[in-house]
Amino acid sequence: MSDTQTLIENRPPSVAALFLERVAATPDAEAYRYPVPGGAGAGPDEWKSLSWAQAAERVFALAAGLIELGVQPEQRVALASSTRVEWILADLGIMCAGAATTTVYPQTNADESAFILSDSESRVLIAEDAAQLAKARDKRAELPELTHVVLIDPAGVDTAAEGDWVISLADLETRGAAYLEKNPHLIKEKVGAITAEQLATLIYTSGTTGRPKGVRLPHDNWSYMAKAIAATGLVTVDDVQYLWLPLAHVFGKVLTSGQIEVGHVTAVDGRVDKIIDNLPVVQPTYMAAVPRIFEKVYNGVAAKARAGGPAKYKIFQWAAEVGREYAKVSQDNFRRTGTASVPFGLGAKHKVADALVFAKIREAFGGNLRACVSGSAALAPEIGYFFAGAGIHILEGYGLTESSAASFVNPGEAYRTGTVGKPLPGTEVRIADDGEILLRGPGIMEGYHGLPEKTAEVLESDGWFHTGDIGELSPDGYLRITDRKKDLIKTSGGKYIAPAEVEGHFKAVCPYVSNILVHGADRNFCTALIALDEPSILEWAKENGLGGRSYADVVAAPATVALIEGYVKELNAGLQRWQTIKKFRLLPRDLDVEHGEVTPSLKLKRPVVEREYKNLIDEMYAGTREA
């Protein structure tokens, strides 16, 4: 048996057990960094640290506090908060108490929050602030199982007036610490009693239609993920991770498991508007992100170059092409020979491009970034190649909530842009006759909570899970995702189109796009709904006589439509005839989570967008034969 297999097969039953091992092994090493906001006019944030021993003290107190509140093994404790260090400490506290975490996105509205709390039968809600408390209070009559709300930030809330129903996280820790003094072996006993099959996490998927489904992930899923991530060798104890992804999402959550096994530092701050400010301060060696973030950075760099005048923009465009060519050639050579070499001439050009453009991009990322992991949706290959040429290596990965997030990841130096890499050690894959990707392994969910029929639709009795994604495996095991099975478009002419592929190409071509939806099922040509990136297009508007106008006015202007039409023509030049976009409409606002058009991990909810903008779609097909 190989060392990797031994590592994975001899895993402990839970991440709670791994956490105890980590604390015992490196108690004084730095575990987490987190910002303390400077306040209005008080200057920049101050970053503080917790060692593993300090984190454990808080985690164990929280666990004991929950036990004192009456929480039993496998009973659910819901977490409704943005990404912050308290989220991680609370989640670990829940696991060390033997209970299970129900994750709730802070953006979730009161109705859906109440459904999740009710469906999961959550006993306690750990809520970030007054806004999250208000959602639970408004629906309290529908939540008889919910005995307590614990507030991370009690500002503006009179907890005494709420009775024993509401307590602060600080109070819970104090109560837990006192309880631990009387029961010093409590946590060790509770963690020791956890079995691999016991429920650890209930994550509700953001369904595009109907109610979300609760995905049941037992402790063994996370223990396996922690060991498998370590076995890839992509992350080392010397790394500094910048974690901003929503921890309510499986992608963010899996990163916390891997960190505990490896023992590196994680800097935690979920404020997306602070990413640009934080990167030079944190100076991460690696971070995970969704494609939208890389698209935004790319658009921002392009817009800045354009604002510098025609000469500066021409240099940027030249450098971008050199970078892409450099990345493609070096990846091809590495695949063939094991060395990422390039011809002398291309290397010389790349050196100039690096000095003029790419070095500044690396600096903006903090200067130490070794690699980024991208997941949750497809990254346009041209954007991937651009960053690779800039020395920001984006390792695409793949997984679902139902597979504990990380089923595939690109292997370090041998990564291939446009693929999601190879399966994690211990995960099996096969491609069904219709092209669907099937997975089997220790990361696969137990099933959907209270929905045996829905579980049976996707999980076979022999453990194979139907992902709903279409893909291709290379002879040496690299997976390329081509589309969601249900998203494939079949035109009235009988041609199949993968809309995500066309959308990805457009994002690489047009520096102003934020979101694009390609439509064409049962039609005789394809159309697109396009939302523009507000900062980029308003900057362009300022330079083109449209300054001072609102976003809606700018996108409605004929000059803007003509600008985007130019990019659509550029896109079409590289597509098959039946894939081309014949007509498009610019949306009056960007798509967002609040309107339910994208998920909190920024995936497009196609049915919602198509329903919302049905009038624009109908308008594009008006007068055609199938309209």
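For the structure, check the block above.
Everything in this summary refers to the structure shown in the same document.

Cut-offs and rules
Residue positions are given per chain, counted from 1 along the sequence in the order it is written. In keeping with the model being predicted, local features are shown solely for residues with a pLDDT of at least 70 and side-chain atom pairs are shown and tallied solely at 80 or more, while totals for entire chains, interfaces and linings include all residues. To get the side-chain values, all heavy atoms of the structure are used, and hydrogens and water are removed first. A run of DSSP states H or I qualifies as a helix once it reaches four residues; a run of E qualifies as a strand once it reaches two. Both are numbered from the N-terminal end. Radius of gyration: C-alpha atoms only; globule rule: 2.2 Å multiplied by the number of residues to the exponent 0.38. In this scheme, a residue with accessible area under 20% of its type's maximum is buried, one over 50% is exposed, and one in between is partly exposed, where area comes from a 1.4 Å probe on protein chains only. Residue contacts are counted whenever heavy atoms from the two residues lie within 4.5 Å of one another. The protein chains shown are the only cover counted for residues, whose accessible areas, like all others here, come from Shrake-Rupley with a 1.4 Å probe. The charge count includes Lys and Arg as positive and Asp and Glu as negative, but it does not include His or the ends of the chains. Where a charge lies is defined by one atom per residue type, namely NZ (Lys), CZ (Arg), CG (Asp) and CD (Glu). Here, any two strands with at least 2 DSSP bridges between them count as paired. In what follows, salt bridge is the name for a side-chain nitrogen of Lys or Arg lying within 4 Å of a carboxyl oxygen of Asp or Glu. By convention, a stacked pair of Phe, Tyr or Trp rings (six-membered ring in the case of Trp) has centres within 6.5 Å and planes under 30 degrees apart, an edge-to-face pair has planes over 60 apart, and any other such pair is tilted. Placement of a positive charge over a ring is assigned whenever Lys NZ or Arg CZ falls within 6 Å of the ring centre and within 35 degrees of the normal to the ring plane. In this description, a line fitted to the C-alpha atoms serves as the axis of each element, helices being fitted only across the stretch in contact, and the angle between N-to-C directions of two axes falls anywhere from 0 to 180 degrees. A 3.5 Å cut-off defines polar contacts: any pair of N or O atoms within that distance qualifies, except that in protein one atom must be a possible hydrogen donor and the other a possible acceptor, and neighbouring residues in sequence count only when both atoms are side-chain atoms. Look down the strands so they point away from you; if the path from the first strand over the helix to the second goes clockwise, the crossover is right-handed. Surface patches are drawn from residues lacking salt bridges whose relative accessible area is over 30%; two like charges belong together within 9 Å, two nonpolar side chains (Val, Leu, Ile, Met, Phe, Trp, Tyr) within 5 Å.

A word on the overall build of the protein. Helix and strand counts for the protein stand at 22 helices and 26 strands. For 627 residues, the compact-globule formula gives about 25 Å, and the C-alpha radius of gyration of the protein, at 25 Å, lands near that figure. Along the longest, intermediate and shortest principal axes, the C-alpha atoms of the protein span 70 × 60 × 55 Å. When burial is assessed residue by residue, the protein has 55% of its 627 residues classed as buried. The long-range fraction of contacts in the protein, counting pairs at least 24 apart against all pairs at least 6 apart in sequence, stands at 67%. Summing over all exposed atoms, the protein offers an accessible surface of approximately 26,000 Å²; the carbon and sulfur share of this is 52%. When the 65 positive and 80 negative side-chain charges of the protein are each reduced to one mean point, those points stand 6 Å apart.

Taken in spatial order, the eight strands line up as E7-E6-E5-E3-E4-E8-E9-E19 in an open sheet, and their pairing is mixed. Edge positions in the sheet fall to strand E7 (166–168) and strand E19 (447–448), since each has one partner strand and no second. As defined by bridge partners, strand E4 (residues 100–104) adjoins strand E8 (residues 199–204) across three bridges and the pair is classed as parallel. Its bridge partner being in E8, Thr103 is matched across the sheet by Ile203.

So, on to the side chain of Arg22. If you trace the backbone, Arg22 turns up in helix H2 (residues 15–25). Although Arg22 lies buried, it forms no salt bridge, and the closest oppositely charged side chain, Glu261, sits 5.9 Å away as judged by the N-O distance.

Moving on to the environment of Val59. Tracing the sequence through the fold places Val59 in helix H3 (residues 52–68). A C-alpha to C-alpha distance of 6.7 Å links Val59 and Ala90, two positions 31 residues apart in sequence. Setting aside its immediate chain neighbours within four residues, Val59 contacts Phe19, Leu89, Leu92, Gly93 and Cys96.

A few words on the packing of aromatic side chains. Going through the model one piece at a time under the given rule, you end up with 15 aromatic pairs. Arranged with centres 6.2 Å apart and planes meeting at 80 degrees, the rings of Phe19 and Phe60 form a pair that is edge-to-face. Here Phe60 lies in helix H3 and Phe19 lies in helix H2, a separation of 41 residues in the sequence. With a relative accessible area of 0%, Phe19 lands in the buried category. The rings of Phe294, Tyr298, Tyr313, Phe316, Phe358, Phe365, Phe386 and Phe387 are connected pair by pair, giving a single aromatic cluster. Over the ring of Tyr313 we find Arg306, and its NZ or CZ is 4.6 Å from the ring centre.

Moving on, we get to the pattern of salt bridges. Per the stated rule, a full pass over the model turns up 39 salt bridges. With a closest N to O distance of 3.4 Å, Glu68 and Arg175 form a salt bridge. One end of the pair, Glu68, is in helix H3; the other, Arg175, is in helix H7 (residues 169–182), and 107 residues separate them in sequence. Using a relative accessible area of 30% as the deciding quantity, one classes Arg175 as partly exposed. Note that Arg589 is salt-bridged to Glu612, the shortest N-O span being 3.2 Å. In this pair, Arg589 sits in the loop between strand E26 (581–586) and helix H21 (606–612) while Glu612 sits in helix H21, placing the two residues 23 residues apart along the sequence.

Attention shifts here to the sheet that holds strand E15 (residues 408–409). Within the open sheet, the nine strands sit side by side as E2-E1-E11-E10-E12-E13-E14-E15-E16. Their pairing is mixed. Looking at the sheet topology across the chains shown, the edges are occupied by strand E2 (46–51) and strand E16 (422–423). Summarising the sheet, strand E13 (residues 371–374) and strand E14 (residues 393–398) pair through four bridges and their orientation is parallel. What sits directly across from Val373, in E14, is Leu395. Contacts from helix H10 (residues 250–262) reach strand E1 (30–36), strand E10 (240–243), strand E11 (265–268), strand E12 (286–289) and E13, with the element oriented near 160 degrees to E10.

Glancing now at helix H15 (residues 381–389). Most of H15 is tucked away: seven of the nine residues are buried. Within the sequence span of H15, burial applies to Ile383, Gly384, Tyr385, Phe386, Phe387, Ala388 and Gly389. Buried-residue contacts for H15 involve helix H12 (291–307), helix H13 (310–337), helix H14 (344–364), E14 and helix H17 (499–509). Once H15 finishes, Gly391 follows within two positions and takes phi at roughly 85 degrees, a positive value.

Turning next to the side chain of Thr467. Structurally, Thr467 is set in strand E20 (residues 465–473). Exposure remark for Thr467: the relative accessible area of 3% places this residue in the buried category. Only 3.0 Å separates the side chain of Thr467 from the backbone nitrogen of Asp469, close enough to count as a polar contact. Excluding anything up to four places from it in sequence, Thr467 contacts Tyr398, Leu400, Glu436, Ile437, Leu439 and Arg484.

Let us look at the pairing of E11. Where a strand is regular, its side chains alternate between the two sheet faces. Residue alternation in E11 divides its side chains into two sets, Val265 and Ala267 and Thr266 and Val268, and both sets are buried. Of the pairings in the sheet, the one linking E1 to E11 comprises two bridges and is parallel in character. When the sheet's bridge partners are listed, Tyr32 is paired in E11 with Thr266. On the question of chirality, the crossover connecting E10 to the parallel E11 by way of H10 is right-handed.

The phi torsion at Glu74 lies on the positive side, around 70 degrees, for a residue other than glycine. With respect to the helices and strands, Glu74 occurs in the loop between H3 and strand E3 (76–80). A positive phi angle is found at Glu121, which is not glycine, with a value near 55 degrees. Summarising the element assignment, Glu121 is placed in the loop between helix H5 (110–119) and strand E5 (124–127). For Glu121, a relative accessible area of 37% gives the class partly exposed.

With that settled, the discussion passes to a nonpolar patch on the surface. A cluster of nonpolar side chains, contributed by Ile315, Trp318, Val352 and Leu356, occupies part of the molecular surface with about 330 Å² of accessible area. Among the structural elements, Leu356 can be located in helix H14.

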